[in-house]
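# Working through the structure, step by step
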Amino acid sequence: MNSNEIEIHKELKKYFGFSQFKGLQEQVITSILSQTNTFVIMPTGGGKSLCYQLPALIQDGTAIVVSPLIALMKNQVDAIRSLSSENGIAHVLNSSLTKTEIAQVKKDITSGLTKLLYVAPESLTKEEYVAFLQSVPISFVAIDEAHCISEWGHDFRPEYRNLKNIIKQLGQVPIIGLTATATPKVQEDILKNLDMSDANTFKASFNRPNLYYEVRTKTKNIESDIIRFIKQHKGKSGIIYCLSRKKVEAIAEVLQVNGISAVPYHAGLDAKTRAKHQDMFLMEDVDVVVATIAFGMGIDKPDVRFVIHHDIPKSLESYYQETGRAGRDGGEGHCLAYYSYKDVEKLEKFMSGKPVAEQEIGFALLQEVVAYAETSMSRRKFLLHYFGEEFDSETGEGADMDDNVRNPKTKVEAKDQAVK
Ligand code: ADP
Ligand code: MG
């Protein structure tokens, strides 16, 4: 170990209490400390925050962290403050602050106390803030959830498109982009929009060897099929995703009637009910949550044993994120998707009201889901290939963990299914 490495290990222990870096963290941090543009692609839970938090804490100046969600920013600021005796070490700058609060933030930054300043992208468009940030030393700008910059991502935010222009006004500061979106198209977009084709890029593997992938043809017996599946996993935690709120309610009820402890979760329920159902799931008062995609952001339950898609998702990206909530503890995680072409047509119909450019992207993403559902090759290989990652379906980790590999379809069966 050279003195630099010893130094950052010591700082890791000092601030975060960890004795080891996770995955590529150390390489990423070394890159950031060398004042180089850096691009980090790691799955959710990979430990991206620490990649910019640690260098921010040990460098001079303030690091600006751009993040799309106020709730996420607040969480991170609270977490950083708990590591220090100084409240001013981290701040959020947004439109909800009072004049006095803004004055305090500015004072802490100017005095060098603030190491991390979290901002929403729209706050950065305020001239007053930009003028202030031009007048203080900035160590780097980290752009979290950088896929928001791309229309090919699952969470496009137009304000992200303007970030590069604003950062330019701050002078020569390194940019760190971070995302859990692994598709090559989105990555290209990020590098292009942030004008950092020169960035050091670090990409972790997206393989989840403990997850078992299965696709079943959706028939009118789907409800009894799901009930049978859950009864085979008695007492285990699981999530069932449905496309519509109505379906969520209906399935939750069917499960309850059949003696399965399940609660619904969707954006149509009031906040109190939603919070209650989420807590019941986390505390294991119920086994199953039936939910729309509104459920799951930031849910960290380590022992979710199955994720069922009653309806196909709108992209493989979302499928990966949603199934990724299973088996966080490294134990079993069964990912079962029901597929029917009728659902594809339904999704296409939903999209037909949208602007043409959005529709085209939507259709293209959906076609990939169809190809995944209909493939007879290793599903893991298919998914990872979609994320630009090569996977050896004979020797790779988790190679036998899908239906196609365990029970290869004969050509005739595969064709039959396609016709259906
Ligand atoms: P991401 O943003 O990539 O989804 P987070 O930054 O939220 O991931 O980190 C996920 C979890 O990993 C957090 O609970 C964090 O405390 C933990 N973590 C990060 N780095 C380390 C480390 N070096 N050792 C142990 N745990 C870590
Ligand atoms: Mg994160």
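Structural data are supplied above this passage.
The sections below set out a description of the structure shown in this document. None of these values were measured; they are calculated from a predicted model. Along each chain, numbering runs from 1 in the same order as the chain's sequence is written. Labels follow written order: the first chain is A, the first ligand is 1, and so on. The predicted origin of the model limits local features to residues at a pLDDT of at least 70 and limits the giving and counting of side-chain atom pairs to 80 or more, whereas totals for whole chains, interfaces and linings rest on all residues. As a rule here, side-chain values come from all non-hydrogen atoms in the structure, and water together with hydrogens is ignored.

## Let's talk about the sheet that holds strand β2 (residues 62-66)
Taken in spatial order, the 7 strands line up as β3-β4-β2-β5-β6-β1-β7 in an open sheet, and their pairing is parallel. At either margin of the open sheet sits one strand with a lone partner, and together these are β3 (90-93) and β7 (200-203). On average, each strand axis in the sheet is tilted by 20 degrees relative to the strand beside it, whichever way the strands run. At least two bridges found by DSSP between two strands is the condition for calling them paired. A run of DSSP states H or I qualifies as a helix once it reaches four residues; a run of E qualifies as a strand once it reaches two. Both are numbered from the N-terminal end. Relative to strand β6 (residues 175-179), strand β5 (residues 138-143) is paired through 3 bridges, and the arrangement is parallel. Along β6, the bridge assignment pairs Ile 143 with Gly 177. Along the sheet, helix α4 (residues 70-81) contacts β3 and β4 (116-119); its crossing angle with β3, the most-contacted strand, is approximately 160 degrees. Only heavy atoms enter the contact rule, under which two residues are in contact if any of them lie within 4.5 Å. Axes here mean lines fitted to C-alpha atoms, for a helix over just the part in contact, with angles spanning 0 to 180 degrees between N-to-C directions. Packing against the sheet, helix α5 (residues 99-110) makes contact with β2, β3 and β4, and its axis sits at approximately 135 degrees to β3.

## Topic: the site of ligand 1
If even one non-hydrogen atom of a residue comes within 4 Å of a molecule or strand, that residue is called near it. Residues in contact with ligand 1 amount to 13 residues; listed here are only the nearest, Gln 20, Lys 22, Gly 45, Lys 48 and Ser 49. Between ligand 1 and Lys 48, the relevant distance is 2.8 Å, taken from an oxygen atom to a side-chain nitrogen or oxygen of the residue. Side-chain atoms alone can form a polar contact between residues adjacent in sequence; in general such a contact is a pair of N or O atoms within 3.5 Å, and within protein one must be able to donate a hydrogen while the other accepts it. Ser 49 is positioned with one of its side-chain polar atoms (N or O) 2.5 Å from an oxygen atom of ligand 1. Per-residue and other accessible areas were derived by the Shrake-Rupley procedure at a 1.4 Å probe size, with only the shown protein chains allowed to occlude residues. Within the complex, 65% of the 570 Å² of free accessible area of ligand 1 lies under protein. Residue contributions to the shell around ligand 1 peak at 3 residues, all from helix α3 (residues 48-58). Just so you know the grouping, Ala, Val, Leu, Ile, Met, Phe, Trp, Tyr, Cys and Pro go in nonpolar, Asp, Glu, Lys and Arg go in charged, and all remaining residues, Gly too, go in polar. Looking at the shell around ligand 1 residue by residue, the classes come out as 4 nonpolar, 7 polar and 2 charged.

## What about the environment of Glu 397?
Along the chain, the position of Glu 397 falls in the loop between α15 (379-386) and α16 (403-406). Take Glu 397: its relative accessible area is 58%, and that puts it in the exposed class. Each C-alpha atom, one on Glu 397 and one on Leu 163, is 39 Å from the other, the two residues being 234 residues apart in sequence. With residues near it in sequence (within four places) discarded, Glu 397 still touches Asn 207, Pro 209, Arg 380 and Phe 391. For every residue, the accessible area obtained with a 1.4 Å probe (protein chains only) is divided by the maximum for its type, and the residue is called buried under 20%, exposed over 50%, and partly exposed between those limits.

## Here's the deal with unusual backbone geometry
Notably, Gln 35 is not glycine yet its phi reads approximately 65 degrees, a positive angle. Counting through the fold element by element, Gln 35 comes out in the loop between α2 (25-33) and β1 (38-41). Of note in the backbone geometry, Glu 145 takes a positive phi value of approximately 50 degrees without being a glycine. If you trace the backbone, Glu 145 turns up in the loop between β5 and α7 (163-168).

## As for the sheet that holds strand β9 (residues 237-241)
Read from one edge of the open sheet, 6 strands run β8-β13-β12-β9-β11-β10, paired in parallel fashion. If you trace the sheet from one side to the other, it starts and ends with β8 (211-217) and β10 (262-265), each paired once. Recorded for the sheet is a direction-independent mean angle of 15 degrees between the axes of neighbouring strands. Sheet analysis places strand β12 (residues 304-309) next to strand β13 (residues 333-339), joined by 4 bridges and oriented parallel. Following the sheet pairing, Phe 306 is matched in β13 by His 334. Strand contacts of helix α10 (residues 245-257): β9, β10 and β11 (288-291), with the helix running at about 175 degrees to β10, the strand carrying the most contacts.

## Details of the environment of Tyr 341
Turning to its location among the elements, Tyr 341 is positioned in helix α13 (residues 341-351). Accessibility expressed as a relative area gives 37% for Tyr 341, which makes it partly exposed. Along the sequence, Tyr 341 and Lys 218 sit 123 residues apart, while their C-alpha atoms lie 9.0 Å from each other. If sequence neighbours within four positions are ignored, Tyr 341 has contacts with Gln 367, Val 370 and Glu 374.

## Digging into the packing of aromatic side chains
By convention, a stacked pair of Phe, Tyr or Trp rings (six-membered ring in the case of Trp) has centres within 6.5 Å and planes under 30 degrees apart, an edge-to-face pair has planes over 60 apart, and any other such pair is tilted. Summed over all chains, the structure comprises 10 aromatic pairs. Members of the aromatic cluster, connected to one another through ring pairs, are Phe 206, Tyr 320, Tyr 386 and Phe 387. When the ring centre of Phe 281 is taken as origin, the NZ or CZ atom of Lys 301, which lies over that ring, is 5.7 Å away. Whether a charge lies above a ring is judged from NZ of Lys or CZ of Arg, which has to be within 6 Å of the ring centre and within 35 degrees of the ring normal. Directly above the aromatic system of Tyr 372 lies the positively charged group of Arg 379, at a separation of 5.4 Å from the ring centroid.

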